[in-house]
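Summary of structural features
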Amino acid sequence: MEVNSSKVEHIPVLARTLLEQVNLPRDGVMVDATIGHGGHSLLFGKTLGPNGVIFALDVDKKSIQGAQIRTKDLACKVFYICGNFSQIGEFVRQKGVEKVDFILADLGLCSSQLTDTDIGLSFQTDMPLDMRIDKRIKTSAADIVNKADQKSLADLIYKFGQERASRRIARFIVRQRRQRPITTTGQLAAIVCRALGRPGQKRSRIHPATRTFQALRIAVNNELENLERLLESASDLLAKKGRIAVISYHSLEDRLVKNNFKANEKAGIYKIITKKPIVPSREEIAENQRARSAKLRIAERK
Ligand SMILES: C[S@@+](CC[C@H](N)C(=O)[O-])C[C@H]1O[C@@H](n2cnc3c(N)ncnc32)[C@H](O)[C@@H]1O
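Here is what the cut-offs are and how they apply
- Residues numbered from 1 in each chain as written.
- Predicted model: local features only at pLDDT ≥ 70, side-chain atom pairs only at ≥ 80, totals over all residues.
- Heavy atoms only, no water.
- Helix = DSSP H or I, 4+ residues; strand = E, 2+ residues; numbered from the N terminus.
- Rg over C-alpha atoms; globule rule 2.2 N^0.38 Å.
- Buried < 20%, exposed > 50% of the residue type's maximum accessible area, 1.4 Å probe, protein only.
- Contact = heavy atoms within 4.5 Å.
- Areas by Shrake-Rupley, 256 points an atom, 1.4 Å probe, with all protein chains shown as cover.
- Lys, Arg positive; Asp, Glu negative; His and termini not counted.
- Charge placed at Lys NZ, Arg CZ, Asp CG, Glu CD.
- Core = buried A, V, L, I, M, F, W, Y, C linked by side-chain atoms within 4.5 Å.
- Near = heavy atom within 4 Å.
- Polar contact = N/O pair within 3.5 Å; in protein donor to acceptor, adjacent residues only side chain to side chain.
- Nonpolar A, V, L, I, M, F, W, Y, C, P; charged D, E, K, R; others polar.
- Pairing = 2+ DSSP bridges.
- Axes fitted to C-alpha atoms, helices over the stretch in contact; angles between N-to-C directions.
- Phe/Tyr/Trp six-rings, centres within 6.5 Å; stacked < 30°, edge-to-face > 60°.
- Lys NZ or Arg CZ within 6 Å of the ring centre and 35° of its normal.
- Domains from an automatic or database assignment.
- Buried area = accessible area lost by both parts, 1.4 Å probe.
- Salt bridge = Lys/Arg side-chain N within 4 Å of Asp/Glu carboxyl O.

A tally of regular secondary structure across the chain gives 13 helices and seven strands. The C-alpha radius of gyration of the chain comes to 20 Å, within 12% of the 19 Å expected for a compact globule of 302 residues. Taken over the C-alpha atoms alone, the chain extends approximately 60 × 45 × 40 Å along its principal axes. When the 302 residues of the chain are sorted by exposure, 54% land in the buried category. Once local pairs closer than 6 in sequence are excluded, the contacts in the chain between residues at least 24 apart make up 70%. Entry remark: accessible area of the chain is about 14,900 Å², with carbon and sulfur atoms responsible for 48%. If you average the places of the 52 positive and of the 33 negative side-chain charges in the chain, the two averages end up 6 Å apart.

Here we come to the nonpolar core. Residues Leu 129, Met 131, Ile 173 and Leu 188 are the most contacted members of the largest nonpolar core, which totals 37 residues. Secondary-structure elements contributing two or more residues to this core are α6 (141-147), α7 (150-161), α8 (166-179), α9 (185-196) and α10 (210-221). Of all the elements, α9 adds the most residues to this core, at six residues. Formed by 30 residues, the second largest nonpolar core is a distinct cluster that contains Ala 33, Ile 88, Ile 244 and Val 246.

Before going further, it helps to examine the site of the ligand. In the vicinity of the ligand lie 26 residues, with His 40, Asp 58, Phe 85, Asp 106 and Gln 113 positioned nearest. Between the ligand and Gly 38, the relevant distance is 3.2 Å, taken from an oxygen atom to a main-chain nitrogen or oxygen of the residue. Looking at side-chain class alone, the shell around the ligand contains nine nonpolar, 13 polar and four charged residues.

Looking now at the sheet that holds strand β4 (residues 100-106). Read from one edge to the other, the open sheet built from seven strands follows the order β3-β2-β1-β4-β5-β7-β6, with strand pairing classed as mixed. A single partner strand is all that each edge strand has here, and the edge strands are β3 (77-82) and β6 (270-272). Neighbour to neighbour, the strand axes of the sheet diverge by 15 degrees on average, direction disregarded. As paired elements, β6 and strand β7 (residues 295-301) share three bridges and run antiparallel to each other. Directly across from Lys 271, in β7, lies its bridge partner Glu 300.

Phi angles above zero are rare outside glycine, and Gln 162 is one such case at about 50 degrees. Examined against the element boundaries, Gln 162 turns out to sit in the loop between α7 and α8. With phi around 70 degrees, Lys 241 is a residue other than glycine that occupies positive phi space.

Along helix α3 (residues 61-70), the residues classified as buried are Lys 62, Ser 63, Ile 64, Gly 66 and Ala 67. Regarding α3, its N-cap is Asp 60, as a side-chain oxygen of that residue lies 3.3 Å from the backbone nitrogen of Lys 62 further along.

For the coordinates displayed, the defined rule picks out four aromatic pairs. When the centroid spacing of 5.2 Å and the interplanar angle of 85 degrees are considered together, the rings of Phe 123 and Phe 213 count as edge-to-face. A residue pair is termed long-range when its members are at least 10 positions apart, and Phe 123 in the loop between α5 (111-114) and α6 and Phe 213 in helix α10 qualify at 90 residues. A cation sits over an aromatic face here: Arg 175 above Phe 172, 4.8 Å from the ring centre.

Moving on, we come to the domain arrangement of the chain. If you check the domain split of the chain, you get domain 1 (15-112 + 223-301) and domain 2 (138-221). The C-alpha centroid of domain 2 is placed 31 Å from the C-alpha centroid of domain 1. When domain 1 packs against domain 2, the two sides together hide about 700 Å² of surface, and 49% of this comes from carbon and sulfur. Three residues stand out in domain 1 for area buried against domain 2, namely Glu 223, His 250 and Leu 252, and they jointly supply 63% of the buried area on that side. For the interface between domain 1 and domain 2, the tally reads one salt bridge. The salt bridge involving Arg 217 is made with Glu 223; its shortest N-O contact spans 2.8 Å. At the surface where domain 1 touches domain 2, the tally comes to five residue pairs in polar contact (both at pLDDT 80 or more). Going through the elements one at a time, α11 (223-237) and α12 (251-266) are the ones with two or more residues in the side of domain 1 that touches domain 2.

Following this line, the structure appears as structure tokens:
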């Protein structure tokens, strides 16, 4: 397994804003639900003393291994956990910790994962069609596109990709797979382009296959359900005045976060810190393209 710590290019999104909004005590406990390359953990880890703790999670083994190298000199204790943030409560309690001061979830993927041929989700480069970030998941994207019936496929692409041409795309996929199985990202991207009558990227700012790929990725990795579980556990886990910050990258995720914070506020559990989501400045987006669709919401436990 290749772990590339020297080429860590991930820039933590909204770093300065987060530092301004979250005042972690030196002996505080942080959960980095999505450690990725460790950018945010490093940022907050430097504010923690030797009695501080970070629970560092990721479903991707390679991410954990890379982040472990990057954060190895932190003074605080770091528990690296290769696991799903939907089980965050169990992981924290297993270590005898009941309450935490800060939960951060920077959703989506690191840029290196987009080009990782083991994960297989790039429509820019041809690679085996897979999309499982966590290899313990049984069903890959190839399983879905080759086995799901046309209606389920269309519904999935519509629901998770918000793709209006979902029925047409599903029809093209089913027609194509009768001739030969769809096994690579390039094959799938070409089918979607044909279905949409757009052979390349030229006419649109975004690649025609973006929404279909997003839909499959969300379905394969159970992304929305995992996020719901994380949000449900968070209110129990946070200490009084503890904060939760979630950075999301598409409206389906952002809506879940917004609704969860609102419901908790109504129930007298949270105070919402960000009435509107915070988005990166133009300067940050110019430096880091990955930040362009980021939305940060923060809530505080009462
Ligand atoms: C955008 S990256 C995080 C980057 C990180 N904040 C940094 O500064 O380097 C998102 C990470 O979340 C991980 N991830 C996605 N879904 C997850 C889940 N359900 N549980 C744990 N990790 C998850 C991905 O594998 C990826 O490494």
